[in-house]
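An overview of the molecular structure
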Amino acid sequence: MLVDSHCHFHLLEDHADTDAALAAAKTDGVEHFLNVAVDVENRDALIALAERYPEISTSIGVHPSGTGEDPEPDVLAALADHPRIVAIGESGLDYAYNQDQPAWQRERFRRHVRAAHLAGKPIIVHTRAAPEDTVTILREEHAREVGGIIHCFTEDWPTARALLDEGFYISLSGILTFRNADALRETAARIPLDRLLIETDCPYLAPVPHRGKENQPAWVRHVAECLAEVRGVPFETVAEATTENFYQLFPQTRAAA
Ligand SMILES: [Zn+2]
Ligand SMILES: [Zn+2]
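The sections below set out a description of the structure shown in this document.

The rules we used
Per chain, the residues get numbers from 1 upward, laid out in the order the sequence is written. Chain A is the first chain written and ligand 1 is the first ligand written, with later ones labelled in order. Where totals are concerned, whole chains, interfaces and linings use all residues; where local detail is concerned, this predicted model gives features only for residues with pLDDT of at least 70, and gives and counts side-chain atom pairs only at 80 or more. Numbering of helices and strands runs from the N terminus, with a helix taken as a DSSP run of H or I at least four residues long and a strand as a DSSP run of E at least two residues long. Exposed residues have 12 or fewer other C-beta atoms within 10 Å of their own C-beta, buried residues have 20 or more, and partly exposed residues fall in between, where C-beta atoms are placed from the backbone. Lines are fitted to the C-alpha atoms to define the axes, a helix being fitted only along its stretch in contact, and any angle between axes, read from their N-to-C directions, falls within 0 to 180 degrees. Crossing chirality is assigned from the near helix's rotation relative to the far helix, an anticlockwise turn below a right angle marking it left-handed and a clockwise turn marking it right-handed. Contact criterion: two residues are in contact if their C-beta atoms, reconstructed from the backbone, are within 7 Å. In this classification, the charged set is Asp, Glu, Lys and Arg, the nonpolar set is Ala, Val, Leu, Ile, Met, Phe, Trp, Tyr, Cys and Pro, and all remaining amino acids, among them Gly, are polar. Any two strands are treated as partners once DSSP identifies two or more bridges connecting them. Note on handedness: a clockwise path from strand one over the helix to strand two, with the strands aimed away from the viewer, defines a right-handed crossover.

**A word on unusual backbone geometry**
- Here Cys 202 and Pro 203 are connected by a cis peptide whose omega angle stands at 15°.
- The residue Pro 203 is located in the loop between β8 (196-198) and α8 (220-231) in this model.
- Residues other than glycine seldom take positive phi values, yet His 142 does so here, at roughly 55°.
- Here His 142 lies in the loop between α5 (131-140) and β6 (148-151).
- Non-glycine residue Cys 152 carries a positive phi angle of around 50°.

**Structural notes on the environment of Glu 240**
- Mapped onto the fold, Glu 240 is located in helix α9 (residues 235-249).
- Among the residues examined, Glu 240 registers 14 C-beta atoms within 10 Å and is labelled partly exposed.
- For Glu 240 and Leu 76, which are 164 residues apart along the polypeptide, the C-alpha to C-alpha distance reads 33 Å.

**Focus: the packing of helix α4 (residues 102-119) against α5**
- Where α4 contacts α5, the two axes come as close as 10 Å, and the packing angle between them is 35°. Considering how the two elements wind past one another, α4 and α5 form a crossing that is right-handed. Contact with α4, carried on its side by Arg 106, Phe 109, Arg 110 and Val 113, involves Asp 133, Ile 137 and Leu 138 of α5 and no other residues of that element.
- Grouping the constituent residues of the contact of α4 with α5 by class yields four nonpolar, no polar and three charged.

**Comments concerning the pairing of strand β5 (residues 123-128)**
- Of all six residues making up β5, five are buried, and the element is well covered by its neighbours.
- As defined by bridge partners, strand β4 (residues 85-94) adjoins β5 across five bridges and the pair is classed as parallel. Across the sheet, Gly 92 pairs through a bridge with His 126, a residue of β5.
- Taken together, β4, α4 and β5 form a β-α-β motif whose crossover is right-handed.
- As judged from the four bridges shared by β5 and β6, these two strands associate in the parallel manner. Note that in β6 the partner of Val 125 across the bridge is Ile 150.

Put into structure tokens, the structure is as follows:
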């Protein structure tokens, strides 16, 4: 069985039809989903979805490109105080998409790591074109003590090594299947299997052979297939390892599967 470690059910076009998306995903062997927040305004809706479907866990945080409310760490930690909220995030740095506010991004990222400490929950990190600052902030804020996921990883091997050294899991998305992603596939082959996760980040980043369409949680299977090929191991090896890694990080979600 597979776990989609990072998806956005609430951003899917026909998000009202979660039953259909879940049924399709289950047919493809996906048993659990971490539905990740990009803002705090949608907290109630995310919790409602997680309460309705035991196989969907959720998080709370503000995406680095977010423009909405930005709570202080203690407020964010209080918002995370719900049994179906298993993580803080997504949070982090995106210097590729959002180049005009790097100082504020760094401050907000630090707030999220502090909130993760207060809440005692792992953090989901979004990082794009900001490898040094990401590692520095995680180190300075002692993020190792809370742990978490570097989601949709696209950086190089030295960055992966540094993030692994901080105790983080590394999650690969459909980008792994893209034609021009040879460098990422080489890096993915070097990351220890007991530190890898897989995700869709749907509705974004549909994998080959679905590029150009709205990504679906079921398609995490293509990421697993690609990862198995890259590492030269059976599909089941990747499926078992990435699923077990997820439950190690979020033991409370295992019972729901
Ligand atoms: Zn992200
Ligand atoms: Zn995301």
